[in-house]
Amino acid sequence: MDVRKACLFAVLFLFIGSLVFADTVPPPAKRHRWKGGEGFAPLPLPVTPQRRSEKKRPPKAPDLIVRLKYGKKRQVVDSRTGEKVQFYDWQTNPGAVPNLLRKARSVLRINYGERTASLAQLDVDPKQTPIMFLTGHINFAFTPDEKKRLKDFIRKGGFLWGEACCGVEEFADCFRRFVKELYPDKKLRTLQADHPIFHSHYDIDKVEYTRITKDRKDKKPVLEGVDLGCRTAIIFSPYSVGNGWDEFQDKDSKGLVSRDAYRLGVNMVSYCLAYHELGRFLATQKVYYQDEEHARNDFIFGQIRYDGNWNTDPSAAANLMKVVKSETTLDVKFRKEAVDLTTTELFDFPFLYITGHEDFEWSESDVAKIRNFMNAGGFLLADACCGRKAFQNAFVREMKKVFPDNELKLLAQEHPLYSAHYKIGSVSYTPFAKKDLGSVNAPVLYGITVDGATRIVYSPYDIGNGWEGIDHAFTRGYEKD
């Protein structure tokens, strides 16, 4: 049989078979993740092209956390075997970060990865990897260039997490000194119970510590932090969370049990993702409106400086001044100045502003200065940034010192403040504020009257975040409009 006859015979055989077995056709094959006509990767090259029949690999999840490599190898003796073991201190609990990200993936419905790198290797742009994780047991050190790279990373919107593995005090003390070297004018402060990091996903008021952690009988979660603007950019746990994430419970470890370590870690991830864009926004220097212009008069926005994070919304004043200029007929030159009550005379300032997150305290001299300023016709606006309780309590307490017989009272809806320019009958609150206020939609401001005029206005709900014009997650305050 020649080739042509053989081919014809084969075609006839297949045709007849298709008729006979038409009702027994198998189900269509499972779809594969490849496409025709894609032999070359999209530009830019060089990239290794995949074959047309090659199965498509799913894209790698972007990295969220980079574990910082540092130091030299340590050598210890395994108490069980007597063998010498060498390792880097940063390598302890290798499964901690991957496990945390798996938990965050299931709880927050996000998909991120992690990697390791030294500061010398690291791209300082936090858009690529927004969180650095630094852990260990012993003292560590970085070069001046590495410190500069880390500060640049944080300034551009990145976060630094620190953790004393096993709750070792040597590492905790070293980390606190390290932060002081980075930011001499700041210090790690214990985060208060109403800090958003304890409520960003889970509401965490109590946690379980390991059996050896006898100094935490109150079961309160403990994190320390440094604020840059309105975000806590450095987050430090003096008690071990990495052991919990790695699901390794060392009998000598001072830290959180695995369940609560995961809950706190998920909140840390949620907080950093929510405040990442704010950090990048604050990294852009804001120019005060009219800096180069000249008008008939100067209106100085005096912001009170005190020990602590007194400038939580650094771009707020600039944005507010710009709106006042565009929305009113005031023909003045606006500028902002920091006011130190211990060194500055107040009578050049018609308007003072104070805000913050934390507790503060005025000296007797400060109290006298504020009182004289008010009696001379000055005006003070106080704003609890993010609606935080510590600042609220501090301001009410300090004003009691200034005017012992004159209390802060809720301003009635008929108060001229609500009709001086805009007619304000109702306002919109942020979701976190609505948890406190329910269906209330009236503005909530308090005031103190001095010589027949309201000279002090206090807002327990945040207004400065709204002036900045960018979302501040988890704030208790007014919407920006």
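Conventions we followed
- Residues numbered from 1 in each chain as written.
- Predicted model: local features only at pLDDT ≥ 70, side-chain atom pairs only at ≥ 80, totals over all residues.
- Heavy atoms only, no water.
- Pairing = 2+ DSSP bridges.
- Helix = DSSP H or I, 4+ residues; strand = E, 2+ residues; numbered from the N terminus.
- Contact = heavy atoms within 4.5 Å.
- Axes fitted to C-alpha atoms, helices over the stretch in contact; angles between N-to-C directions.
- 1 Å grid on protein atoms, 1.4 Å probe; cavity = no way out; pocket = protein on both sides within 12 Å on 5 of 7 lines; lining within 4 Å.
- Points joined across faces, edges and corners; volume = space filled by probe spheres on them.
- Salt bridge = Lys/Arg side-chain N within 4 Å of Asp/Glu carboxyl O.
- Buried < 20%, exposed > 50% of the residue type's maximum accessible area, 1.4 Å probe, protein only.

Quick look at the sheet that holds strand β9 (residues 231-237) now. Either a parallel or an antiparallel arrangement is found when strands of a sheet pair, and the pairing is made through backbone hydrogen bonds. Pairing in this open sheet of seven strands is mixed, and the strands run β4-β1-β5-β6-β9-β8-β7 from one edge to the other. Strands at the two margins of the open sheet, each flanked by one partner only, are β4 (113-118) and β7 (189-190). The sheet contacts of helix α6 (residues 258-282) involve β1 (63-69), β5 (131-136), β6 (159-164), β8 (224-228) and β9, and relative to β6 the element is tilted by about 150 degrees.

A water-sized probe, rolled over the atoms, reveals where empty space remains. By volume, the largest pocket is sized at about 1,700 Å³. In terms of lining residues, the largest pocket is bounded by 40 residues, among which Leu320, Val324, Tyr422, Ile424 and Trp467 are the most central. Broken down by secondary-structure element, the contributors of at least two residues to the lining of the largest pocket are β10 (297-305), α7 (316-327), β11 (332-340), β13 (379-384), β16 (453-459) and α11 (464-468). Tallying contributions element by element places α7 first for the lining of the largest pocket, with six residues.

This brings us to the pattern of salt bridges. Throughout the structure, instances matching the rule amount to 21 salt bridges. A salt bridge links glutamate 224 to arginine 176, with the nearest nitrogen and oxygen atoms 2.8 Å apart. Taken as a pair, glutamate 224 in strand β8 and arginine 176 in helix α4 (residues 169-182) lie far apart in primary sequence, 48 residues in all. The class for glutamate 224 is buried, based on a relative accessible area of 9%. With its nearest N and O atoms 2.9 Å apart, the salt bridge here joins arginine 263 to aspartate 260. Residue arginine 263 and its partner aspartate 260 are both found in helix α6; the two are separated by three residues, about one turn of the helix. Of the two residues, arginine 263 and aspartate 260, both sit in the buried class. Beyond isolated ion pairs, a larger network of salt bridges with shared partners links Asp359, Glu361, Arg397, Glu398 and Lys401.

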